[in-house]
Each structure stands twice: as C-alpha cells, then as structure tokens.
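Geometric and topological summary
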Amino acid sequence: MTTRDLLKHGSTGIGTFDGLDGEVVIVDGEVYQAVSSGKVNHVTDLDAKMPFASVHEPADLEKLDLKGVDFAYLNGAFEKEHKLGNVFAAIRLYGSFSHVKVRIAPKQERPYPSLLEVAKGQPTFVRDEVPGMIVGYYAPEIFGSVTAAGWHLHFLSDDREFAGHLLEFTADQLTGDLQVFDSFEQHFPVDDQEFRDGEVDLETLRDGIAQSERN
C-alpha cells in the first residue's frame, strides 16, 4: 500500500517501508523513517510503499499521567489495570526519557531473508536524557500471528533526530493517552501474485517476531 493510501486510514501509527527499510513513526499525518545508520528522515514521498503498518485515528482517548514507566510496568500493572488482555489498543506517551534503546532494521534485498535472520543483525542505538514520544499498539496473545503480541512501540525524539523500534526505556513521568478499539481491520495485497504464491513457515515467523521485538 502506498503511504498516501495508508494515511486515508489514520493519522497516527507505526510501520516499515518496502524491503523492511527502517522503522516508521506517523504523527499527525507526518511520516518519519529511522534508517539503519541512525538517521531520521521526514518522508514526503507519499508514493513510497509500506508492506506492513498499523494506523488509527485518535478518538475516545483516556488521558494518562504515569510515574515510573518502563516495559515491565506496561506489560504488568498497566496491562492489568486497563484490562487489555482481550483487546487491541493504541498508546501515545510524551515526556523526558532517562534512557531509550531502539533497534532499526536494515533494508533487505531479494531474495529476502527471514525475519529471524534479519533480527540477528539489526543495529541498536541508545540515547539518555532525551525528550520525545512513544507511539504504538497492544495486541492480545490470541492474535499473535496477525501482529506482534503485547506491545509494539516506536520512539521519536522531539528534535526528530532519534527514532526506532523500542527495546528499552525508562522515564520518571510520562503523560499521554490510551485508546481501546472495538474493531480491527486488516488489509491484504490480494492482487499481488507473489503474495498469493508465498508460503509462510509459522514457527520461523513466530521466532523471528519474538527475536525482533525483544532486546
């Protein structure tokens, strides 16, 4: 799907470009791409295609004011308090982060390797004392083959010079919002013969997702 068509479905989200080319953060309809060198590009070519992305239009938001935030908190007390185990949700968090670690998938060329192989060679970047925002989604474990189960989060600094797929973070206090969805819409490239002919090894795919999501 082109970026132009994707933005018809939502102004906020995350994804990647063709060939697994970097980590994308979409904020208020603006598209930012972190590439494997660590550079962040403001993408204005709306014909650029994205093989995977999640987007939404913010609405019916629950305001958040959180203290002592990290992945352990989001995966534990926060998930239980907001009863997310059976629903999809989106989160946006803003503030000053004492520590952030991200990874950025390098662009791949044909013949494409598996996600598991890509995950073994993904560069990581660290920034401390950085103001910025988290954008991402929660998916229940039962839908773990549709997208990554649990939290899938990307980070974007306020100066738009540091971004990526979030592996670690800590913050004393963050504000933001949570949105729980009552429906989920998935698009497939059914007119793409290569997609129709493709065969998926589910075990290898799940291993690749797990490896790419964690530190």
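Before going into details, it helps to say that this report is about the structure given with it. (Residues numbered from 1 in each chain as written. Predicted model: local features only at pLDDT ≥ 70, side-chain atom pairs only at ≥ 80, totals over all residues. Heavy atoms only, no water.)

**Some details on helix 2 (residues 71-81)**
All of the buried residues in helix 2 are Phe71, Tyr73, Leu74, Gly76 and Phe78. Its side-chain oxygen 3.2 Å from the backbone nitrogen of Ala72, Asp70 forms the N-cap of helix 2. Backbone geometry just downstream of helix 2 places Lys83 in the positive-phi region, at approximately 50°. (Buried < 20%, exposed > 50% of the residue type's maximum accessible area, 1.4 Å probe, protein only. Helix = DSSP H or I, 4+ residues; strand = E, 2+ residues; numbered from the N terminus. Polar contact = N/O pair within 3.5 Å; in protein donor to acceptor, adjacent residues only side chain to side chain.)

**Looking at the pattern of salt bridges**
Across all of its chains, the model carries five salt bridges by this definition. Lys8 is paired through a salt bridge with Asp5; the nearest N and O atoms lie 3.1 Å apart. Taking relative accessible area as the criterion, Lys8 reaches 63% and is therefore assigned exposed. Ionic pairing is found between Glu23 and Arg103, a salt bridge with its closest N-O pair at 2.6 Å. (Salt bridge = Lys/Arg side-chain N within 4 Å of Asp/Glu carboxyl O.)

**Section: a negative patch on the surface**
Together, Asp191, Asp192, Asp197 and Glu199 make up a region of like negative charge exposed at the surface. Considering the arrangement of structural elements, one finds Glu199 in the loop between helix 4 (193-197) and helix 5 (202-213). By relative accessible area, Glu199 is classed as exposed at 81%. (Patch = residues over 30% accessible without salt bridge, like charges linked within 9 Å, V, L, I, M, F, W, Y side chains within 5 Å. Areas by Shrake-Rupley, 256 points an atom, 1.4 Å probe, with all protein chains shown as cover. Lys, Arg positive; Asp, Glu negative; His and termini not counted. Charge placed at Lys NZ, Arg CZ, Asp CG, Glu CD.)

**Observations concerning the packing of aromatic side chains**
Evaluated as defined, the whole model comprises ten aromatic pairs. On the basis of an interplanar angle of 70° and a centroid distance of 5.3 Å, the ring pair of Phe71 and Phe169 is categorised as edge-to-face. Of this pair, Phe71 sits in helix 2 while Phe169 is found in strand 10 (residues 163-180), placing the two residues 98 residues apart along the sequence. In terms of burial, Phe71 and Phe169 fall into one category: buried. (Phe/Tyr/Trp six-rings, centres within 6.5 Å; stacked < 30°, edge-to-face > 60°.)

Any link to function would need more than the numbers given here.
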